[in-house]
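Fold and contact review
Spelled out, the chains give:
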Amino acid sequence: MIALNTTADPVVRVALVEAMTSAALSRRDGEPWWHAVTCRGFDQVPAVRLVAKVAALRRAEAMAWPILDTAIHVDLEAAGDGLGAPGSRTTLTGGRRWALTMVHRDREHDCCAWARRLVDPAEPATVRLAGVDLAVEAMRAWRAAPSRLAPTLADVLAEDSSVVRSAAARALCASLTATRVAADQLAEVLADPNLGATVATALGSIGDHRAVPDLLRLLRTGDRVPRLGEALAAVAQAGADPASLVTAARQALARHGASCRPGCTRRYCPAGPAMHLLAALGPAAAGAVPDLLARLQSGMDRNDDGAPVFEIHVLERVGRAAEAAVPLLRRYAASGRSESDVAVLALLMMTWDRVVADRFLAERPEQLRRCRIAPALVSWLVDHGGLTGRQHRQLRHLFTQPGAMQVRVAGALWRCDGPSVAGELLEELPKYLDDDVFGPEALRVLAVMGEHARPVLDHLDRLVESRHRVAVHLGDADAEMRADESLVAAVVDAREQIAGSAAGRP
């Protein structure tokens, strides 16, 4: 306490109390000092008091929670300017500090209740923003929170423009579930110049066609807009008019004509969202084939390390409607580049000539370990004439390789060998069900297995019934939340198919 009493700088005082509380929290045998920080006499700086109270809450017994919550609420408004100020060690607001502590103590009900209470229009703006912070962290941590809090946040959208309204809109847009609950209210905000892009991409990501005009406008600008490609792909898959989508994508490609490298960073390319859109459209994107061929030719002419893999992937998705690309892709496949294998897969999808796949697999070892296009090749062959004995052995060996190879050939193995491999699939696929990358594919295979996948139903039930989100590590808390939401939806769908198949047995 001596250091606190000898410095008048609020930023320094906050830093000191953070250091003191961190040290106290690291000692398991620390004395129950939480009661000392609940009164205004602890420090003259509200931000210091709030930091200490939140730290105390992290260790306090449950019976002390209401006292500390109330004490934190008292200092929220006054502490607002003292946290995250220039020179501070952290940018955490008071509301987010409180919210993270609620999450740490797994106080779902309390966190949601305080979020609803603080967002009330009768509270000052600083306190209302703290309520939004509580809502954001609750939705990131607990699966039920978006449905519980979205109506409260949606009510704020009817207010005049303010920082609170903007924060509430962004919180709703971060969650797929919350966006669905508040879709009508969010649609009313599409014209807002400060929120329109965020709202459009959120609505687009759930397939809401009301966002299409705004998404196409954003696509034409070429500006970097997070989630734009994802949103465009979602509305395409949800049945938006493909003609207008292809036209807008072609316009975007024309403004950024060269295959991406010079002038683009590896992290972002203005043509990227258009590519995502065309890939999602598949055969309906046939009108863009000339543009894709021009970009592919440009990349080949440069002969640098900027291989036009994305263009080839889109052509693959267009499939037989991209037959005009076959000569150029044959040259690319024979070029010996490290990415030339993607052209082989694209050729197969365009020509439906199994010789393309047969030749490629014949040149690979029987005991394949890693080959990014082999799962797609054997899957196609299973459905178009079947596998040779050697190709079947390649398939079996790929299934022994944990990770991408195993999951991506699982469906082909089931279609090829049927119920005789059900035991192997049920032993391996459940390992991936909480994985945001491999989980959806594993679930699709289990769904196709129908009644033979019944033993996995209990596992699926546990996944769906969990209050907490699965641990996904994407470096973006909101993206991780959406990944969990998508995974849960896939689990529910797979479970319904499996249970329905079992129920329909004679």
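Predicted, not measured: the structure shown is a model, and the values here were computed from it.

Reading guide: rules and limits
- Residues numbered from 1 in each chain as written.
- Predicted model: local features only at pLDDT ≥ 70, side-chain atom pairs only at ≥ 80, totals over all residues.
- Heavy atoms only, no water.
- Salt bridge = Lys/Arg side-chain N within 4 Å of Asp/Glu carboxyl O.
- Helix = DSSP H or I, 4+ residues; strand = E, 2+ residues; numbered from the N terminus.
- Buried < 20%, exposed > 50% of the residue type's maximum accessible area, 1.4 Å probe, protein only.
- pLDDT = per-residue confidence, 0-100.
- Contact = heavy atoms within 4.5 Å.
- Phe/Tyr/Trp six-rings, centres within 6.5 Å; stacked < 30°, edge-to-face > 60°.
- Lys NZ or Arg CZ within 6 Å of the ring centre and 35° of its normal.
- Core = buried A, V, L, I, M, F, W, Y, C linked by side-chain atoms within 4.5 Å.

Turning our eyes to something else, we now look at the pattern of salt bridges. Once the charged atoms of two side chains with opposite charge are near each other, the side chains can pair. All chains considered together, the criterion is met by 31 salt bridges. Here Arg 354 makes a salt bridge to Asp 358, at a shortest N to O gap of 3.0 Å. Of this pair, Arg 354 and Asp 358 both sit in helix 21 (residues 354–362), 4 residues apart, roughly one helical turn. Judged by its relative accessible area of 23%, Asp 358 falls in the partly exposed class. Measuring nitrogen to oxygen at the nearest pair gives 2.8 Å for the salt bridge that ties Arg 393 to Glu 366. In this pair, Arg 393 is assigned in helix 23 (residues 389–399) and Glu 366 in the loop between helix 21 and helix 22 (374–383), connecting sequence segments 27 residues apart. The exposure class of Arg 393 is partly exposed, given its relative accessible area of 43%. Residues participating in the shared-partner salt-bridge network are Arg 96, Glu 137, Arg 140 and Asp 478.

Per-residue confidence for the protein chain gives a mean pLDDT of 89; residues scoring 70 or more make up 85%. For the stretch residues 29–35, pLDDT sits under 50, and the model shows 11 contacts to residues farther than four places along the chain or on other chains.

To continue, consider the packing of aromatic side chains. Scanning the entire structure with this criterion turns up 3 aromatic pairs. Their ring planes at 90 degrees and their centres at 5.9 Å tell us that Tyr 432 and Phe 438 sit as a pair that is edge-to-face. In this structure Tyr 432 comes out as buried when scored by relative accessible area, which is 9%. With relative accessibility at 17%, the residue Phe 438 sits in the buried group. If you follow Arg 320 out to its NZ or CZ, it ends over the ring of Trp 352, 4.5 Å from the centre. The ring of Phe 360 is capped by Arg 364, whose NZ or CZ atom sits 3.7 Å from the centre of that ring.

On to the nonpolar core, then. Membership of the largest hydrophobic core comes to 166 residues, with the highest contact counts inside it found for Trp 98 and Leu 278. Among all residues touching Leu 278, those that are not within four sequence positions of it are Val 246, Ala 249, Leu 253, Ala 285, Ala 288, Leu 292 and Val 314.

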